[in-house]
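Commentary on secondary and tertiary structure
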Amino acid sequence: MALLLSFAGHTAYADDWVGTWATAPEFTGPGDMPQHTTLTDNAIRQIVHVSIGGDVLRLQLSNEFSREPVEIRSIYIADAKDSTAIDAKSARYLTFSGKRNVTIEGGQALFSDELRYALKPLQRLSITVNYGKTPQNATSHRGSRTTSYIMKGESKPKKAFVVEEALDHWYNIAAIDVKADKPTCWAVLGNSITDGRGTTTNMQNRWTDVCAEYMDGKVGILNLGIGGNCVLRGGLSEPALKRFDRDIMSQRGITGIVIYEGINDIGGSRSVEQTEKELIEAYELFIGKARAAGLKVVGATITPIGNTMYWSHYHEALRQTINEWIRTSGKFDAVIDFDQVLSDPAKPTWMRADYQYDWLHPNAAGYKSMGLKAAEVLSPMSKMSCDK
């Protein structure tokens, strides 16, 4: 049965549902909508990279940032191959209260019925959505780092998928849960460095992907990063203070969270003292909510801003102060020192030249080192008992 969600607080679900993939929903402006066609009456094929596997799954869909309903005529999943290709034999249709079609009202989200499916750890999964009428502004995730493909008309598993438009956004898909026997699962709060700016499109090499790979797909890793996002105010999409309960605390089966956000607040700060105070208060608020839910909390240091538009002596001093608090406050169960991983030993306020994409964001090599460091810290804290 499809389940409507409420994000007033940490929502309780069946104990055996655990997240294997998630993304943070956002409002979609004209620039991030299809430019040459439309979603209405058409199909879209979207690819995701899961962490843990399972034999039963469900898909969460979101229309939370749209005012109008979205009509879905059908959705089927399949093992993904290259580009739009799928293993048609693996294709299975999802249902919603026993039906293939569902309408999601504006401002709402829901789950599909549970589906038996042999989801392998770390695999790429194709999700094909056949739309009816769609809103003017969809609910999407802009920074998918993964190409989605739009086809005119209805798509069927054994029918050739003829691409009308390709674009690097996800639409309406929000999370995948599996039934699993109490594995560890981490939800990651972040901005564009977690979202993966500077990674290789379609290679699934964000630091969270690398971390999941190095933990052999036995630990759930949920990437809730949003490019341009801030903790306090401003930036792109809802700030972390507003989205924390929905995007982090409402994930299913999580045993811990990683807080890795603040660089945009620091870089855009006009008052170092106020930003320092408010950032620490926000971190403490997140930590308190997580602790109240029985979750572990890991902090991650803010990476270098030298040679970027964010740098000044004042902003660098603020970054150093925040990092010192993260490292030494004792508020976290552990710390992932991303600053130490990426900083140039000869010029510590700058990112290493061989790790930088645009000096603010890492390149693929930088993300790989971040993922390895994250796995090094999270592995001892993770129960490695799930072998699905």
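Above this note sits the structure.
Remember, it's a predicted structure, so these values are computed and weren't measured experimentally.

Taken in spatial order, the five strands make up an open sheet running β17-β16-β18-β19-β20, and their pairing is parallel. If you trace the sheet from one side to the other, it starts and ends with β17 (220–225) and β20 (334–336), each paired once. Pairwise comparison of adjacent strand axes, ignoring direction, gives a mean angle of 20° for this sheet. Both strand β18 (residues 256–260) and strand β19 (residues 296–300) contribute to a ladder of four bridges, which runs parallel. Directly across from Ile 259, in β19, lies its bridge partner Gly 299. On the sheet, helix α3 (residues 240–249) packs against β16 (185–190), β17 and β18 and is oriented at approximately 160° with respect to β16.

Moving on, we get to the environment of Trp 21. For Trp 21, the position within the fold is in strand β1 (residues 17–22). Overall, the relative accessible area of 6% leaves Trp 21 in the buried class. Put simply, Trp 21 and Gly 235 are 214 residues apart on the chain and 25 Å apart in space, counted from C-alpha to C-alpha. Those residues in contact with Trp 21 that sit more than four places away from it in its chain are Val 48, His 49, Val 50, Trp 170, Ile 173, Ala 174, Ala 175, Ile 176 and Leu 222.

As a further point, take the pattern of salt bridges. Side chains that differ in sign of charge can pair as their charged atoms come close. All chains considered together, the criterion is met by 26 salt bridges. Residue Asp 339 pairs with Arg 319 through a salt bridge whose shortest N-O separation is 2.9 Å. Placement of the pair is Asp 339 in helix α7 (residues 338–342) and Arg 319 in helix α6 (residues 313–328), with a sequence separation of 20 residues. Taken individually, Asp 339 and Arg 319 each receive the classification buried, so the pair is uniform in this respect. Linked by salt bridges that have partners in common, Glu 238, Lys 242, Arg 243, Arg 246, Asp 247 and Glu 261 make up one network.

For the coordinates displayed, the defined rule picks out nine aromatic pairs. Consider the rings of Phe 244 and Phe 286, whose centres lie 4.3 Å apart with planes at 15°: the pair is stacked. Note that Phe 244 is positioned in helix α3 and Phe 286 in helix α5 (residues 272–292), a separation of 42 residues in sequence. Centre to centre, the rings of Tyr 283 and Trp 325 are 5.9 Å apart; their planes meet at 20°, and the pair counts as stacked. Of this pair, Tyr 283 sits in helix α5 while Trp 325 is found in helix α6, placing the two residues 42 residues apart along the sequence. With respect to burial, Tyr 283 and Trp 325 carry one shared label: buried. In textbook terms, an aromatic cluster arises when at least three aromatic residues are bridged by ring pairs, as seen for Trp 207, Tyr 260 and Phe 338. A cation over a ring is seen here: Arg 352 above Tyr 355, with NZ or CZ 3.9 Å from the ring centre.

All chains considered together, the criterion is met by zero disulfides. Cys 185 provides the cysteine sulfur closest to Cys 211, a residue in no disulfide bond, and the two sulfurs are 11 Å apart.

Pairing between the strands of a sheet comes from backbone hydrogen bonds, and it takes one of two forms, parallel or antiparallel. Reading across from one edge, β2-β11-β14 is the order of the three strands in this open sheet, with antiparallel pairing throughout. Looking at strand neighbours, the two that pair on one side only are β2 (26–27) and β14 (170–171), the edges of this open sheet. One ladder, built from two bridges, connects β2 with strand β11 (residues 139–141); its direction is antiparallel. Among the inter-strand pairings, Phe 27 is bridged to a residue of β11, identified as Thr 139.

Below, the discussion takes up the packing of α3 against α5. The description of two packed helices rests on the angle between their axes and on the distance between the axes. For the pair α3 and α5, interaxial distance at closest approach is 11 Å and the crossing angle is 25°. Between α3 and α5, the crossing angle belongs to the class labelled roughly parallel. In the packing of α3 onto α5, the handedness of the crossing is right-handed. Between α3 and α5, the contacting residues are Ala 240, Leu 241, Phe 244, Asp 245 and Met 249 on the first element and Ala 282, Leu 285, Phe 286, Lys 289 and Ala 290 on the second. The residue inventory of the contact of α3 with α5, partitioned by class, reads eight nonpolar, no polar and two charged.

Here is what the cut-offs are and how they apply
Residues numbered from 1 in each chain as written. Predicted model: local features only at pLDDT ≥ 70, side-chain atom pairs only at ≥ 80, totals over all residues. Heavy atoms only, no water. Pairing = 2+ DSSP bridges. Helix = DSSP H or I, 4+ residues; strand = E, 2+ residues; numbered from the N terminus. Axes fitted to C-alpha atoms, helices over the stretch in contact; angles between N-to-C directions. Contact = heavy atoms within 4.5 Å. Buried < 20%, exposed > 50% of the residue type's maximum accessible area, 1.4 Å probe, protein only. Salt bridge = Lys/Arg side-chain N within 4 Å of Asp/Glu carboxyl O. Phe/Tyr/Trp six-rings, centres within 6.5 Å; stacked < 30°, edge-to-face > 60°. Lys NZ or Arg CZ within 6 Å of the ring centre and 35° of its normal. Disulfide = S-S within 2.5 Å. Parallel < 35°, antiparallel > 145°, perpendicular 65-115°, else oblique. Left-handed = near helix turned anticlockwise from the far one by under 90°. Nonpolar A, V, L, I, M, F, W, Y, C, P; charged D, E, K, R; others polar.

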